[in-house]
Amino acid sequence: MTGIEAVRENWKKAVFEELCALADRRGDDPAALKEKDLVPGVPPKSEMGDIAFPLFPFAKVFRTSPQALAEELAQGLRNRDDLSGEVRTAGPYVNVVIGVGNIAAELLAATRDLPEAYGSSGHLKGVPVMVEFSCPNTNKPLHLGHLRNDALGESISRILRAAGADVRKVNLINDRGIHICKSMLAYREFGDGSTPESTGKKSDHFVGDYYVKFNQWAKENPRAEEDARSMLVAWEKNDPEVNSLWRLMNRWAIEGIEETYEATGISFDQIYYESQTYSLGKDEILKGLERGVFYKEEDGSIWVDLEEIGLDKKVLLRSDGTSLYLTQDIGTAIQRQKDWHFTRLVYVVGSEQQYHFRVLFHVLTKLGFEWAENLYHLSYGMVNLPEGKMKSREGTVVDADDLIRELTSMAEAEIREKEREDEVESVDETARKVALAALHYYLLQVSPNKDMIFNPKESLSFNGNTGPYLQYMGARISSMRRKFQERRDEFTGIEAKPELLNTPEERELIKLCSDFSSVIAAAADQYNPSLLASYLYELARTFSRYYHETPILTGSEKETAVSRLALASAVLCVLKNGMYLLNIPFVEKM
Ligand code: ARG
């Protein structure tokens with residue numbers, strides 16, 4: 001524990017010690033005081049202090065009113081010389097205005113050269129965590145739901161890493177099954193040997209268009225579905241012609257999807273393919289049957305009884321020996337544990353699969369794997385566009401590439417409208433980064449479990465609770481630092497003095513910045529990047545207020561200017577590192 005957290009903890013300890021000493025002095029029984037009854041809160045207004053200790057729970061022991069107790073306790077605390085800060089009373093509360101001097105000194109020293117590691121909490125040091133996310137199908141391109149999935153998966157992985165965990169990001173590409181055969185069949189029927197290259201289409205869209213074509217065709221052709229099924233059988237029998245078509249189209253789909261990952265800053269340490277994992281579960285089910293964990297029905301199918309968790313029975317292997325989605329996931333989890341000894345495995349998957357993961361985790365626990373206790377389904381809600389907005393050609397899902405293109409051109413228009421073309425390094429590059437900031441922040445600022453509407457226009461506002469707003473604040477501070485560099489000579493030999501940072505906004509900024517690592521820790525523990533998003537927004541807003549009201553480089557003593565710039569740099573360090581954790585690109589100029 002460092003910074004403000006340590007200071008809070010210290011005060012709490014001191015208050016309890018004083019309570020005990022007071023009881024001693026008055027001849028009351030200190031043993032009757034319970035430390036857990038001391039629950040520090042935050043005063044309703046920041047002018048009233050930083051910590052509030054309610055004394056109601058202790059008044060009885062002292063046979064006095066909480067108000068009187070507060071007065072007496074405050075006196076005792078003021079007499080101590082080992083605490084920094086000011087003690088006040090507010091009725092039945094003892095309030096503390098924390099002395100930020102030490103915290104400020106610590107903060108300025110720790111953020112001086114904007115180190116990338118500032119904020120890392122380290123409380124999960126060395127814990128191996130595997131995070132699975134994205135999991136696209138190879139019959140069509142990514143859609144808006146994948147963008148939420150990818151944003152969450154990438155962000156929670158970065159957050160867990162910042163918390164010290166050893167993270168391995170994995171993808172599970174669904175490259176087998178009837179849906180792929182449908183694209184393949186339509187291509188064989190209508191493709192005429194065309195390729196993504198020959199048509200100039202992005203290769204996953206090329207494949208996706210045949211999937212759409214199949215569905216249109218199947219409406220008039222009753223044989224189409226059946227043909228797709230026979231193709232799957234042929235594929236499973238390793239038919240050479242089907243196999244080579246499958247290879248070709250899968251490669252197109254995956255290459256296209258990888259381009260989208262690249263454009264959105266998403267990456268993986270390892271990729272699993274369902275075509276390689278789909279039969280893995282069978283042996284495990286048979287082993288479980290032998291050990292009596294599962295049971296067999298008369299028709300030969302194998303089942304698990306889920307009564308212990310209040311659910312019905314569930315089939316694991318069909319009577320013909322074929323496996324199910326669940327079977328496959330059982331095998332894949334066990335394989336992954338062999339590949340890499342994680343102690344936690346996080347699945348980023350939509351909330352419609354809650355039942356699936358409940359069953360999966362329970363079955364793995366029943367099989368006796370000790371790592372099964374730390375499996376976590378990071379479940380997220382649906383995401384849609386507002387009524388009447390851009391739909392894909394299919395009219396149902398919103399295509400990821402289309403949406404990113406749209407956001408980028410909106411960002412570009414905004415840059416030109418605000419006449420910032422000459423400010424930025426490159427309009428295209430900046431527009432691309434602003435679009436990603438808008439997208440990722442908007443998707444992550446909502447708690448994962450909630451459904452949401454993605455509003456492109458709102459997400460891009462330079463002036464609201466958005467990613468571009470964070471970028472804008474970062475660029476303002478960067479520009480201030482450049483100006484300072486230009487005037488470096490005027491300030492030679494002048495050092496920042498933390499004790500000069502004393503206005504309410506400065507105190508607020510110091511406290512906020514030094515809370516960064518505890519926010520990272522909370523976001524990691526709750527698998528919730530939205531905690532970090534709202535924290536960064538509050539920091540940016542507080543800084544914005546500060547910098548509108550307080551001259552930083554101009555009109556103040558040189559020592560004050562240098563100290564204020566150091567504080568602004570601390571804010572920049574936190575913003576920059578925090579934005580990285582949300583996969584929001586940083587821009588120097590905006
Ligand atoms: N590809 C699956 C789908 O589209 C999601 C896979 C999720 N991951 C898993 N291990 N089951 O629904």
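These numbers were taken from a predicted model, which means no experiment stands behind them.

Calculation notes
- Residues numbered from 1 in each chain as written.
- Predicted model: local features only at pLDDT ≥ 70, side-chain atom pairs only at ≥ 80, totals over all residues.
- Helix = DSSP H or I, 4+ residues; strand = E, 2+ residues; numbered from the N terminus.
- Expected span 1.5 Å × (residues − 1).
- UniProt positions renumbered as here; feature names shortened; annotations may be inferred.
- Near = placed C-beta within 6 Å.
- Nonpolar A, V, L, I, M, F, W, Y, C, P; charged D, E, K, R; others polar.
- Buried ≥ 20, exposed ≤ 12 C-beta atoms within 10 Å, placed from the backbone.
- Domains from an automatic or database assignment.
- Pairing = 2+ DSSP bridges.
- Axes fitted to C-alpha atoms, helices over the stretch in contact; angles between N-to-C directions.
- Contact = placed C-beta atoms within 7 Å.
- Core = buried A, V, L, I, M, F, W, Y, C linked by C-beta atoms within 7 Å.

(A) A look at helix α6 (residues 178-190). The terminal C-alpha atoms of α6, which comprises 13 residues, lie 18 Å apart, in line with the 18 Å expected from a rise of 1.5 Å per residue. Directly beyond the C-terminal end of α6, a positive phi value near 50° is found at Asp 192.

(B) Seen up close, the UniProt feature "short sequence motif: 'HIGH' region" (unreviewed entry) in the protein chain. Under the UniProt annotation, "short sequence motif: 'HIGH' region" (unreviewed entry) lies at residues 136-146. Annotated as residues 136-146, this span is 27% helix and 0% strand, and its ends, taken at the C-alpha atoms, are 8 Å apart.

(C) Local environment of the site of the ligand. Neighbouring residues of the ligand: Glu 132, Cys 135, Asn 137, Leu 172, Asn 174, Asp 329, Tyr 347 and Val 349. Considered class by class, the residues forming the shell around the ligand number 4 nonpolar, 2 polar and 2 charged.

(D) Representation of unusual backbone geometry within the structure. Here the phi dihedral of Ser 134 falls at roughly 80°; this positive angle occurs in a residue that is not glycine. Checked against the element boundaries, Ser 134 lands in the loop between β4 (128-132) and α5 (144-162). Even without being a glycine, Asp 192 presents a positive backbone phi close to 50°. When you line up the elements, Asp 192 lands in the loop between α6 and α7 (196-199). By the C-beta count within 10 Å, which is 7 here, Asp 192 ends up exposed.

(E) Looking closely at the domain arrangement of the protein chain. Here the domain parsing of the protein chain yields domain 1 (3-99), domain 2 (282-322) and domain 3 (400-581). Domain 2 and domain 3 are separated by 54 Å when their C-alpha centres are compared.

(F) Representation of the pairing of strand β2 (residues 85-90) in the model. Here β2 pairs with strand β3 (residues 93-98) via 6 bridges, running antiparallel. By the bridge assignment for β3, Glu 86 is matched with Val 97. Counted along the chain from β2 to the antiparallel partner β3, the turn is 2 residues long, and its residue Gly 91 has a positive phi close to 60°.

(G) Structural view of the sheet that holds β3. The strand order across the open sheet formed by 3 strands is β1-β3-β2, and the pairing between neighbours is antiparallel. The strands lining the two open edges of the sheet, one partner per strand, are β1 (51-54) and β2. For this sheet the average axis-to-axis angle between neighbouring strands, irrespective of direction, equals 25°. Relative to the sheet, helix α3 (residues 66-78) contacts β2 and β3, its axis offset from that of β2 by approximately 170°.

(H) Just the nonpolar core, in detail. In this structure, Ile 159, Ala 438, Leu 470, Ile 520, Leu 532, Val 571 and Leu 575 are the most contacted members of the largest nonpolar core, which totals 155 residues. It is helix α22 (residues 558-581) that provides the largest number of residues to this core, a total of 13 residues. Here Ile 159 is in contact with Ile 520, Ala 523, Ala 524, Pro 529, Leu 532 and Leu 581, once residues within four sequence places are set aside.

(I) Representation of helix α8 (residues 203-220). Over its 18 residues, α8 runs 27 Å from end to end, which matches the ideal 26 Å to within 8%, given 1.5 Å per residue. The complete set of buried residues in α8 reads Ser 203, Asp 204, Phe 206, Val 207, Gly 208, Tyr 210, Tyr 211 and Phe 214. In the core, the buried residues of α8 are packed alongside α6, α7, α9 (223-236) and α10 (240-264).

(J) Examining the environment of Glu 421 more closely. Considering the arrangement of structural elements, one finds Glu 421 in the loop between α15 (400-417) and α16 (427-444). Along the backbone, Glu 421 and Leu 83 are 338 residues apart, and their C-alpha atoms lie at a distance of 52 Å. Beyond its immediate stretch of four places on either side in the chain, Glu 421 contacts Ile 415, Arg 416 and Val 427.

(K) Structural view of the environment of Ile 257. Looking at the secondary structure, you find Ile 257 in helix α10. Classification of Ile 257 as buried rests on a count of 27 C-beta atoms within 10 Å. Each C-alpha atom, one on Ile 257 and one on Val 315, is 33 Å from the other, the two residues being 58 residues apart in sequence. The residues contacting Ile 257, other than those within four sequence positions of it, are Pro 136, Pro 141, Leu 142 and Asp 204.

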